[in-house]
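# Examining the three-dimensional arrangement
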Amino acid sequence: MHPNYKPESLKTTIPHREEIYTALQDGSILEATAVRCDAQHNLIVHLDGMTGIIPREECALGIDTGQTREIAILSRVGKPVCFQVQRIENNVAYLSRRAAQQKALQHLLTEHHPGDIISVRVTHLEPFGAFVDVGCGIVSLIGIENLSVSRIFHPSDRVSIGQLLHAVISSLDAETGRICLTHRELLGSWEENAAQFTPGETVCGIVRSVEDYGVFVELTPNLSGLAEQRFPVTPGETVSCYIKSILPERMKIKLNLIDHIGQVPAVPPPLSYFIESGHISRWQYSPEVCTTRLVQTEFDQPTIEDF
């Protein structure tokens, strides 16, 4: 993504006066911390040697039409906001976050295509997915089913608020401005993940579900194995397990539970990406030798098959 259109940061510096006047002339996008929201819901921004004001209707796309709720303004206090400088009067800089977002959205819709990989930052989590900033505070959703191949109960099992991620654009809608994302395709295919393990090893994994026929243990975010339940375990628990066999033709890993380790940390472990940039036309999770199940994503003609 164009450097001006990056996600709003967790930490930012105070723009110098010279930067502010330059931005007024060339339309570049700056970022600073919103320190207050006044009674009229204008955001006050910390600038070098002058007061910065983002008028209410300029705080976000959709505020002027009612499509965006007021909480989108109130929740920015104490956090960085991007903006363009519209004018400077009597040492007061009048700013527009909405204009910066409009430019970022237009860039995404015209310069990107399904299958393109972009950088995003997690803004908040819901049981159904992770909301992410795709640029200048524009929010999109990665559904929980698209965070990884390995099933999780809540997005917090995989990502945390403020975390910078890579994501793949799955669809773009110029009429609505909607951008849909997926993430699991960047975490490797079954074969790429299985290549990290060897039968006969004993490794740690996270219990993701307990079924009548066995326990699913996550070895990596895109790889799980099935173990017989030799002793009681609960989802979210870390266990040690012995790898009995790796079967690409059936896309299965057979495990034996060895011992309890404990509960997973509150913060998910860092993600390991197999792809971080560029474009994906097609992604296939299933091994070529597997004839029982096909898991793939077609980005040039966006459909996801999983049967």
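Now for a look at the structure at hand. Keep in mind that this is a model prediction, so the values were computed, not measured. (Residues numbered from 1 in each chain as written. Predicted model: local features only at pLDDT ≥ 70, side-chain atom pairs only at ≥ 80, totals over all residues. Heavy atoms only, no water.)

### Some remarks on the nonpolar core
Counting 59 residues, the largest nonpolar core has V134, L181 and L219 as its most contacted members. Once residues lying within four places of it in the same chain are set aside, the contact partners of L181 are I118, V120, V132, V134, S140, L141, I142, N146, A167, V168, I169 and S170. Of all hydrophobic cores here, the second largest spans 20 residues; its members include A23, V45, M50 and I63. (Core = buried A, V, L, I, M, F, W, Y, C linked by side-chain atoms within 4.5 Å. Buried < 20%, exposed > 50% of the residue type's maximum accessible area, 1.4 Å probe, protein only. Contact = heavy atoms within 4.5 Å.)

### Describing the environment of L43
Mapping L43 onto the fold places it in strand β2 (residues 43-46). A sequence separation of 34 residues divides L43 from V77, and the C-alpha atoms of the two residues are 7.7 Å apart. When residues no more than four places from it in sequence are discounted, the contact partners of L43 are A34, R36, C37, G52, I53, I54, C59, I73, R76, V77 and V81. (Helix = DSSP H or I, 4+ residues; strand = E, 2+ residues; numbered from the N terminus.)

### Comments concerning the pairing of strand β4 (residues 80-89)
With 4 bridges joining them, strand β1 (residues 30-37) and β4 adopt antiparallel strand pairing. Across the sheet, the residue bridging to T33 is P80, located in β4. In this structure, β4 lies alongside strand β5 (residues 92-96), joined through 5 bridges in antiparallel fashion. Looking at β5, one finds that E89 is bridged to V92. (Pairing = 2+ DSSP bridges.)

### Focus: the environment of C82
Within the secondary structure layout, C82 lies in strand β4. The class of C82 is buried, set by a relative accessible area of 3%. Measuring from C-alpha to C-alpha, the distance between C82 and E228 comes to 52 Å, with 146 residues separating the pair along the chain. With near-sequence residues (within four places) excluded, C82 lies in contact with E8, I29, L30, E31, R97, A100 and C136.

### With respect to the packing of aromatic side chains
Between two aromatic rings, the relevant description is the distance of the centres plus the angle of the planes. Taken as a whole and judged by the stated rule, the model has 3 aromatic pairs. With a centroid separation of 5.9 Å and an interplanar angle of 85°, the aromatic rings of F128 and F131 are classed as edge-to-face. Exposure remark for F131: the relative accessible area of 19% places this residue in the buried category. A ring pair is formed by Y213 and F216, whose centres lie 6.0 Å apart and whose planes are at 85°; its orientation type is edge-to-face. The exposure class assigned to F216 is partly exposed, which follows from its relative accessible area of 28%. The lysine or arginine in question, R87, covers the ring of Y94, its NZ or CZ lying 4.1 Å from the ring centre. (Phe/Tyr/Trp six-rings, centres within 6.5 Å; stacked < 30°, edge-to-face > 60°. Lys NZ or Arg CZ within 6 Å of the ring centre and 35° of its normal.)

### Comments concerning the sheet that holds strand β12 (residues 214-220)
Spatially, the 5 strands close up into a barrel ordered β11-β12-β13-β15-β14, and their pairing is mixed. The average angle at which neighbouring strand axes cross in this sheet is 50°, direction not considered. Strand direction decides the pairing type here: strand β11 (residues 202-211) and β12, joined by 5 bridges, are antiparallel. By the bridge assignment, S209 is partnered in β12 with F216. (Axes fitted to C-alpha atoms, helices over the stretch in contact; angles between N-to-C directions.)

### Overview of the environment of I169
Assignment of secondary structure puts I169 in strand β9 (residues 164-173). It is 32 Å that separates the C-alpha atoms of I169 and V45, two residues lying 124 residues apart in sequence. With sequence-adjacent residues up to four places away left out, I169 is seen in contact with L108, H112, H113, P114, G115, D116, I118, C180, L181 and F299.

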